[in-house]
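# Chain and residue survey
Here's the letter readout for the chains.
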Amino acid sequence: MRHVTPRASLWLGIAILVSGQWTLSLLDTAGKLLVQAGYHVVMISWMRYTINTLFMAVTLAPYYHKRYGKSLLHARQPGLQIFRAALLLL
C-alpha cells in the first residue's frame, strides 16, 4: 500500500465531502423535479435506493473482495440482515 501524506489525505477528504454534498443536492433537486413532473413519490424513492444499492455494490464489491477475501453479500448473521431489510421496507 502506498504512503499518503496527511496533507494529501486532508485534501482528498475535503474533495470527497464536497462532491458528496453536491451529489446529495443534485439528488434532491432531481426528486423534486420528478414529483413536479407527476411521478409518484414511492416510485421515486424506490428507484433512488435501488440505483444507489446497485451502484455501491458494483463499486465496492471488488475492493471488499480484495481486502477481505469474501463476497460483499456474505453475512455472518443472515437472519438479522433479513430482519433489518424487513424493517426498512416497513
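Look a little higher up for the structure.
Per chain, residue numbering runs from 1 following the sequence as it is written. Where totals are concerned, whole chains, interfaces and linings use all residues; where local detail is concerned, this predicted model gives features only for residues with pLDDT of at least 70, and gives and counts side-chain atom pairs only at 80 or more. Heavy atoms throughout the structure, all of them, feed into the side-chain values; hydrogens and water do not.

## Quick look at the overall build of the protein
- Counting its secondary structure elements, the protein contains three helices and zero strands.
- Each helix corresponds to a stretch of at least 4 residues labelled H or I by DSSP, and each strand to a stretch of at least 2 residues labelled E; elements are numbered beginning at the N terminus. Helices (α) and strands (β) of the protein occur, in sequence order from the N terminus, as α-α-α.
- Between the two quantities, the radius of gyration covers C-alpha atoms and the globule rule is 2.2 Å times the number of residues to the power 0.38. Its C-alpha atoms give the protein a radius of gyration of 18 Å, clearly above 12 Å, the size a compact globule of 90 residues would have.
- In terms of overall dimensions, the protein has C-alpha extents of about 50 × 35 × 20 Å along its principal axes.
- A simple rule labels every residue: compare its accessible area, found with a 1.4 Å probe on the protein chains alone, to the largest value its type can have, and call it buried under 20%, exposed over 50%, or partly exposed in between. Taking all 90 residues of the protein together, the buried fraction comes to 2%.
- Summed over all atoms, the accessible surface of the protein reaches about 8,600 Å², with 70% contributed by carbon and sulfur. Here the accessible surface of atoms and residues is derived via Shrake-Rupley with a 1.4 Å probe, and residues count as covered only by protein chains that are part of the display.

## Things to note about the pattern of salt bridges
- Salt bridge criterion: a side-chain nitrogen from Lys or Arg within 4 Å of a carboxyl oxygen from Asp or Glu. Scanning all chains against the criterion turns up one salt bridge.
- A salt bridge links aspartate 28 to arginine 48; its shortest N-O distance comes to 3.9 Å. Of the two residues, aspartate 28 is situated in helix H1 (residues 6-36) and arginine 48 in helix H2 (residues 41-68); the sequence distance between them amounts to 20 residues.
- Taking relative accessible area as the criterion, aspartate 28 reaches 39% and is therefore assigned partly exposed.

## Quick word on the packing of aromatic side chains
- Centres within 6.5 Å are what make two rings of Phe, Tyr or Trp a pair, Trp counting through its six-membered ring; a difference in plane orientation under 30 degrees is then read as stacked, over 60 as edge-to-face, and the rest as tilted. Within this structure, the stated rule accounts for one aromatic pair.
- Geometrically, a charge over a ring is one whose NZ (Lys) or CZ (Arg) sits within 6 Å of the ring centre while staying within 35 degrees of the ring normal. Lying over the aromatic face of tyrosine 49, arginine 48 brings its terminal NZ or CZ to 5.9 Å of the ring centre.

## Things to note about helix H3 (residues 78-89)
- The first and last C-alpha atoms of H3 sit 16 Å apart over twelve residues, in line with the 16 Å expected at 1.5 Å per residue.
- Within H3, only zero of the twelve residues are buried, leaving the element largely exposed. How far a helix is expected to stretch is found by multiplying one less than its residue total by 1.5 Å.

## Here's the deal with the packing of H1 against H2
- Convention adopted: a line fitted to C-alpha atoms gives each axis, helices being fitted over their contacting stretch, and angles between N-to-C directions are expressed from 0 to 180 degrees. The contact between H1 and H2 brings their axes to 10 Å, and the two run at 150°. The orientation of H1 relative to H2 falls into the category roughly antiparallel. Between H1 and H2 lies a crossing of right-handed hand. Across from Leu27, Asp28, Gly31, Leu34 and Val35 in H1, the residues of H2 making contact are Val41, Ile44 and Arg48.
- Gly falls in the polar group here, along with every residue not listed as nonpolar (Ala, Val, Leu, Ile, Met, Phe, Trp, Tyr, Cys, Pro) or charged (Asp, Glu, Lys, Arg). When its residues are assigned to classes, the contact of H1 with H2 shows five nonpolar, one polar and two charged. Throughout, the term roughly parallel applies to angles under 35 degrees, roughly antiparallel to angles over 145, roughly perpendicular to angles from 65 to 115, and oblique to all others. In a left-handed crossing the near helix is turned counterclockwise from the far helix by less than a right angle, and in a right-handed crossing that turn is clockwise. Here, two residues are considered to be in contact whenever any of their heavy atoms come within 4.5 Å of each other.

## Thoughts on the environment of glycine 38
- Here glycine 38 is to be found in the loop between H1 and H2.
- Separated by 21 residues in the primary sequence, glycine 38 and leucine 17 have C-alpha atoms spaced 32 Å apart.

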